[in-house]
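These are the residues of each chain, in order.
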Amino acid sequence: MSTIIFEEVTKNYGRVQGISNVSLNIGPGVTGILGPNGAGKSTTMKVLLGLARPSIGSVYVDGVNPFDNFDLRNKIGFVPEYDCFYEHMSAVDYVSYFLMIHDFSKEEAVEKAENSLIELGLQDSMYRKIRTYSRGMRQKTKVARATAFNPQILVLDEPFQGADPTTRHLLMEKINSWSEEGKTILISSHILHDVEYLTDNIILINNGRVLASGNRHEIRKLMSNIPIQIKISPIDKNQLRPLVKRMLDEKWITAGRLLESEGEIILETNESEKFYTEFPQILEDEKIIVEKIVSDDDTLDSLYSKLVEGKQWK
Amino acid sequence: MIEAKNVIKKYGQVTALDDFTVDIPKGKIGILGPNGAGKSTFVKIALGLIESTSGEITVLGENLDKNSIEIRKKIGYMPEHDCIPNKMTGVEFLIEMGQVSGLDYQTATQRTHEILGHLRMGEEKYRLIEEYSGGMRQKIKLAQGLVHGPELMFLDEPTSGLDPNARQEMLETINGLAEISNTNVLLSTHILQDVETVCDYVIIINNGKLQIKENVKELVKRQTDTIQIRVGENSDEFISILKQNNNKRNIEITDRWIRIPYKNEESFKEIISAAASAKCQLYEMERIAMTMDNIYLEVVN
Amino acid sequence: MEISKMFKRFPTLFPPIFKDCSYRLITNKLTWVLVAILMLPCALGLLVYYEFSGDRISEEVNGEKIYYTSSGELLHEDLRVLFLEISEYFGIGFIALLLGIMFSSELISEEYNLKTMQILRTSPIHPIEIFTYRYISGIITGVILLGLYSTIFYIIVMMGAGIHGILEEIGLLALVIKIVILNWIGFLSIFCAINVYFERPYLICFIYWLFWEQIMSGQNYQQITLTHYINSIIYDSLTEMGWSVTASDYGLVNSNNDTIATDPLISTFIILIVGISFIFIGSRGISSKQF
């Protein structure tokens, strides 16, 4: 079980801001880091990898400062956003090259490299030169390199970039299983949907500052100034109208809207916890069965546009 | 829009398209398939870049074999790779592209500004392309395919590498394209959600054959037989009540959600009453809908 | 990481790194442009041989053919001067320098461009290992390439003087190869270190060579240049071989025209020290460079 702690970390590159006053606590499982280009995602990763030294503040990975720490490097696997290959090598050569740096003997390194590549579905092409690889195969090779020595911490910068859907799916399944093994995984992706599939734990970052971090549902609850909209759809569409009427009797429902064509009602409340607790009982009492209770408000799309783009009333 | 009849394309021994027949309707079409499945071969044939070994293909009502020059005036192409000069301004580049496509200077200028207006490019269109952000570069790439006013626009990975804002904007632009100028769109992408949000129809090609051609809206309306629930406090009590009612069914529990099989409407009733008696918050309850991912993986694997 | 551990992992770590580096160096297009330029004197040598081999006079002594020039001097003594002079521009001169700069850039800068350096810096490999193994790979590749080249060129030039001539002057070939080795040990280390610290290594390497090595050597304080020590060794060896050369031929004089050549053993030692110091300087640069 590995933990990563940022204590008020600022990193400037000359006069250019990397990240500013970032405090984080990342535990085991998958954590998604989201934000626009240039927001500071890669800088955050570089600081925790020990590739960059914080200008102010301190970082602890498993309790130690990662900058220039050798023991830690056996515990962290890194998949950078960009290609980072010796193009003339085959995937097996490439992965085993780095495994030898991790103090495996040549035979062990080749064996581990092959296993790791086969696990990622590259068995047919792993002896071919990387130069001939497609984008998806390149991503798999990078992931194989970062995971072949079984690190406890994985840092994945846009691992799905350019990957075809099959590769994307495979990588996600792998990430899920590594997460279940108790690895600490930090992942960035521009495809919010992918992150949502993998995890509820996110870090939203923009202009070098952390806007929010934690469970996305909890983050939404903290934004108490914006009412939550909940979509409900009863099985019997004749009950749409009575249900809205009944719900508007409660003073904690601030608005109700009827979408007849979609067979849904939308309720708005500032006291979401109260709503979620009492709503099943109300349904029981009124003998109404609903087939859907959802709020699009705490989806990553919605959180992202509210917090990062500042579109609070989208 | 595109009609292919028994198209076969062979590269030496390798058959890229194998007796491929499809009738693609007008509108916004997503074209999916693994690398090397014949997707790009089909697109290249439809664009008139390569010839098929045998079979007939009609694009926008014109036979490709006879009119491959004429047809190009009706087709626009936005390639995946970066193909724009850095040392020109956006406007200069587009006017030049317009002139290459046979427009005179004044018309090309007019078209350029019209298109950049649609794409919501402001004063930055007078800046050098090398200063552009990823999203703006993509817009210029899109605009160069549009400048001669094509009826059919082919987009290859238009959102690749864009951050969420830029991606959203690109998708809105593509939607607008079809609405404002009635351009048909053929979209090839690895990001299946893009197809879900933008396209009317989707075709999936694998092993040189058409696998499915379906209406996207219909496709994603399909629901799976699983209900996903998310509850708050007292979840243990909630789960134990559910288990009593569902002793023969398997309940999947993770710290993120609970999934139980959907049998009939009673399933919902059981969940609601379990939540009511356990007094726990019922944050979410919904039958999981089919996503493009599910469909794609089902078809391709 | 302790030094002992580095030595222990050398046998596993060095071969794959050497394999990668030498492959990249040899498949680099620029290497072959430079090799083509190196081949120019070889081609000329062959041409001269076929044009003028009829003009020479030969004499048989103890079954060996000895060739003389038309003016009656020993032909191999004429040709050896030609070999050394041309080598001083090619195999151990300007072209070799360009090759060294190019190698250093491929070994170090390219790793930053390819972003493989980022991966190496997140892997448990010490900057000294990163630097040294690339440096050694560069030396081996360069020395083999130029050693082979010098030998071929030597044979082509001395061919005119027959087997006797080739064997008679073999000591000169050994000297040139020795200089090639010392050149690479000294200069490659400096070039690689420059590549670590500067964004435009080609330019900086060239400026260093032009202003430091070329202009400073031949002046009063030439002892601070590597060229001084290289020249000292050449000068000393040539005198030993009985050539009539003066210290001023190799610029080893100060403004009072006093010979200031350094002892060859000390020179070799200093070149090695410079090579090793720049390993440390370069490694420090790698470890302090942030991404």
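Residues numbered from 1 in each chain as written. Chains lettered and ligands numbered in written order. Predicted model: local features only at pLDDT ≥ 70, side-chain atom pairs only at ≥ 80, totals over all residues. Heavy atoms only, no water.

Put simply, the rule is: UniProt positions are given in the numbering used here, feature names are shortened, and annotations may be inferred rather than shown by experiment.
Going by an unreviewed UniProt entry, chain A carries the name ABC transporter domain-containing protein and comes from Marine Group III euryarchaeote CG-Epi1. What UniProt states about chain A under its Sequence similarities (unreviewed entry) heading is, verbatim, "Belongs to the ABC transporter superfamily."

### A closer look at the overall build of chain C
Here is the rule: Each helix corresponds to a stretch of at least 4 residues labelled H or I by DSSP, and each strand to a stretch of at least 2 residues labelled E; elements are numbered beginning at the N terminus. What makes two residues a contact is simply this: any of their non-hydrogen atoms within 4.5 Å. For the accessible areas, the method is Shrake-Rupley and the probe is 1.4 Å, while residue cover comes only from the protein chains on display. Counting rule applied: Lys, Arg positive; Asp, Glu negative; His and chain ends not counted. A charged residue contributes its charge at one atom only: NZ of Lys, CZ of Arg, CG of Asp or CD of Glu.
In terms of helices and strands, chain C carries eleven helices and two strands. Listed by position from the N terminus, the elements making up chain C come as α-α-β-β-α-α-α-α-α-α-α-α-α. For chain C, long-range pairs separated by at least 24 residues make up 75% of all intrachain contacts whose partners lie at least 6 apart in sequence. Taken as a whole, chain C presents about 13,600 Å² of accessible surface, with 65% of it coming from carbon and sulfur. Distance between charge centroids for chain C: 21 Å, based on 16 positive and 25 negative side chains.

### Observations concerning the packing of aromatic side chains
Spelled out, the test is: Aromatic rings from Phe, Tyr and Trp, taking only the six-membered ring of Trp, are treated as a pair when their centres fall within 6.5 Å; an angle between ring planes under 30 degrees marks them as stacked, one over 60 as edge-to-face, and anything in between as tilted. Geometrically, a lysine NZ or arginine CZ counts as sitting over a ring once it is within 6 Å of the ring centre and also within 35 degrees of the ring normal.
Enumeration according to the criterion identifies 28 aromatic pairs over all chains in this entry. When the centroid spacing of 5.3 Å and the interplanar angle of 75° are considered together, the rings of Tyr-49 of chain C and Tyr-50 of chain C count as edge-to-face. Relative to Trp-209 of chain C, the ring of Phe-94 of chain C has its centre 5.5 Å away and its plane inclined at 45°; by these criteria the two rings are tilted. Placement of the pair is Phe-94 of chain C in helix H4 (residues 94-113) and Trp-209 of chain C in helix H9 (residues 201-216), with a sequence separation of 115 residues. What links up through ring pairs into an aromatic cluster is the set Phe-85, Tyr-86, Tyr-94, Tyr-97 and Phe-98 of chain A. Lying across the ring of Phe-98 of chain A, Arg-145 of chain A places its NZ or CZ 5.2 Å from the centre. The side chain of Arg-56 of chain C reaches across the aromatic face of Tyr-67 of chain C, ending 4.0 Å from its centre.

### Things to note about the sheet that holds strand E3 (residues 29-34) of chain A
Residues and elements named next belong to chain A. For the record, the criterion: Here, a strand pair is defined by DSSP locating no fewer than two bridges between the strands. Comment: axis = line fitted to C-alpha atoms, over the contacting stretch for helices; angle = value between 0 and 180 degrees taken between N-to-C directions.
With mixed pairing, the six strands of this open sheet are ordered in space as E5-E6-E7-E3-E8-E9. Either end of the sheet is taken by a strand with one partner, and the two such strands are strand E5 (76-79) and strand E9 (209-215). If you compare each strand with its neighbour and ignore which way they point, the axes differ by 15° on average.

### Side note on the sheet that holds strand E14 (residues 282-289) of chain B
What the eight strands build is an open sheet, ordered E11(A)-E12(A)-E10(A)-E13(A)-E14(B)-E11(B)-E13(B)-E12(B); its pairing is antiparallel. Two strands close off the open sheet at either side, each with one partner strand: strand E11 (253-259) of chain A together with strand E12 (252-253) of chain B. Direction of pairing for E11 of chain A relative to strand E12 (residues 264-269) of chain A: antiparallel, over a ladder of six bridges. Its bridge partner being in E12 of chain A, Ala-255 of chain A is matched across the sheet by Glu-268 of chain A.

### Focus: the UniProt feature "transmembrane region" (unreviewed entry) in chain C
Residue and element names in this part refer to chain C. Under the UniProt annotation, the feature "transmembrane region" (unreviewed entry) is placed at residues 30-50, 89-109, 130-149 and 265-286. Structurally, residues 89-109 is divided into 76% helix and 0% strand, and its ends, taken at the C-alpha atoms, are 26 Å apart. Between the C-alpha atoms that bound residues 130-149 the distance is 29 Å, and the span itself is 100% helix and 0% strand.

### Some thoughts on a negative patch on the surface
Residues and elements named next belong to chain C. What counts, and what does not: Here, patches come from residues exposed beyond 30% relative accessible area and free of salt bridges, joined within 9 Å for like charges and within 5 Å for nonpolar side chains (Val, Leu, Ile, Met, Phe, Trp, Tyr). Any Lys or Arg side-chain nitrogen found within 4 Å of a carboxyl oxygen on Asp or Glu counts as a salt bridge. Partly exposed describes any residue whose relative accessible area lies between the buried limit of under 20% and the exposed limit of over 50%, with all areas from a 1.4 Å probe on protein chains only and scaled to the type maximum.
On the surface, a cluster of negative charge is contributed by Glu-64, Glu-73, Glu-77, Asp-78 and Glu-168. Take Glu-168: it is sitting in helix H7 (residues 162-168). Of the residues examined, Glu-168 reaches a relative accessible area of 45% and is grouped as partly exposed.

### Notes on the interface of chain A and chain B
The cut-off we apply is this: Summed over both partners, the accessible area lost on bringing two parts together, with a 1.4 Å probe, is the buried area. Polar contact is defined as a pair of N or O atoms within 3.5 Å, subject to the rule that within protein one atom must be able to donate a hydrogen and the other to accept it, and that residues adjacent in sequence are counted only when both atoms are side-chain atoms. In this classification, the charged set is Asp, Glu, Lys and Arg, the nonpolar set is Ala, Val, Leu, Ile, Met, Phe, Trp, Tyr, Cys and Pro, and all remaining amino acids, among them Gly, are polar.
At the junction of the two partners, chain A supplies 43 residues and chain B supplies 36 residues. Each partner contributes to the roughly 3,400 Å² buried at the junction of chain A and chain B, and carbon and sulfur atoms together form 56% of this total. Of all residues in chain A, Pro-165, Tyr-276 and Ile-293 of chain A bury the most surface against chain B, accounting for 15% of the area lost on that side. On inspection of chain A and its partner chain B, the count reaches three salt bridges. Asp-298 of chain A is paired through a salt bridge with Arg-230 of chain B; the nearest N and O atoms lie 3.5 Å apart. Taken together, the links from chain A to chain B amount to 14 residue pairs in polar contact (both at pLDDT 80 or more). Listed by contribution, the elements that provide at least two residues to the side of chain A that touches chain B are helix H6 (165-180), helix H7 (192-198), helix H8 (216-222), helix H10 (272-286) and strand E13 (290-294) of chain A. Counting residues per element, the side of chain A that touches chain B draws most heavily on H10 of chain A, which supplies seven residues. For the side of chain A that touches chain B, the class distribution of residues is 16 nonpolar, 13 polar and 14 charged. The pairing of E13 of chain A with E14 of chain B spans two bridges and is antiparallel.

### What to know about the arrangement of the chains
Ranking the two pairs of chains in contact by contact count places chains A and B at the top. You won't find any contact between chain B and chain C; their C-alpha atoms come no closer than 18 Å.

### What to know about the interface of chain C and chain A
Listed by partner, the interface residues are 29 residues for chain C and 33 residues for chain A. Between chain C and chain A lies a buried interface of about 2,800 Å² when both sides are counted; carbon and sulfur atoms form 61% of it. Taken together, the links from chain C to chain A amount to two salt bridges. Here Asp-103 of chain A ties to Lys-5 of chain C by a salt bridge, and the two come within 3.1 Å at their closest N and O atoms. Between chain C and chain A we count 14 residue pairs in polar contact (both at pLDDT 80 or more) in total. Mapped onto the side of chain C that touches chain A, the elements with two or more residues apiece are helix H1 (3-27), helix H5 (116-121) and helix H6 (127-158) of chain C. Looking at which element gives the most residues to the side of chain C that touches chain A, the answer is H1 of chain C, with nine residues.

### Regarding helix H5 (residues 134-146) of chain B
Residues and elements named next belong to chain B. We count it as follows: Expected span of a helix: the number of residues minus one, times 1.5 Å.
Taking 1.5 Å per residue, 13 residues should reach 18 Å; H5 reaches 19 Å between its end C-alpha atoms and fits that length. Of all 13 residues in H5, twelve are buried; the element is thus mostly enclosed. At its buried positions, H5 is contacted by strand E6 (75-78), helix H3 (90-100), helix H4 (105-118), strand E7 (152-156) and helix H6 (164-181).

### Section: unusual backbone geometry
Of note in the backbone geometry, Asn-207 of chain A takes a positive phi value of approximately 50° without being a glycine. With respect to the helices and strands, the residue Asn-207 of chain A is situated in the loop between strand E8 (201-206) and E9.

### Considering the nonpolar core
Applicable threshold: Definition of nonpolar core: a set of buried residues of the types Ala, Val, Leu, Ile, Met, Phe, Trp, Tyr and Cys, connected through side-chain atoms within 4.5 Å.
The biggest cluster of nonpolar side chains holds 146 residues, and the ones touching the most others in it are Phe-6, Tyr-94 and Ile-175 of chain A together with Phe-131, Trp-184 and Leu-238 of chain C. Broken down by element, this core gets its largest block of residues, 17 residues, from helix H8 (residues 170-197) of chain C. If we skip the residues at most four places from it in the chain, Phe-6 of chain A touches Ile-19, Val-22, Ser-23, Leu-24, Thr-44, Val-47, Leu-48, Ser-58 and Val-59 of chain A. Within the second largest apolar cluster, 46 residues are counted, among which are Met-88, Met-153, Ala-166 and Leu-192 of chain B.

### Comments concerning the side chain of His-88 of chain A
Along the chain, the position of His-88 of chain A falls in the loop between E5 and helix H3 (91-101). Looking at His-88 of chain A, its side chain comes within polar contact range of the side chain of Asp-20 of chain C, at 2.6 Å. Ignoring anything within four residues of it in the chain, the contact list for His-88 of chain A reads Lys-129 and Arg-131 of chain A together with Asp-20, Tyr-23 and Arg-24 of chain C.

### Let's talk about the UniProt feature "domain: ABC transporter" (unreviewed entry) in chain A
The positions that UniProt labels "domain: ABC transporter" (unreviewed entry) are, in the present scheme, residues 4-232 of chain A. In residues 4-232 of chain A, the share of helix is 35% and the share of strand is 28%. The end C-alpha atoms are 40 Å apart.

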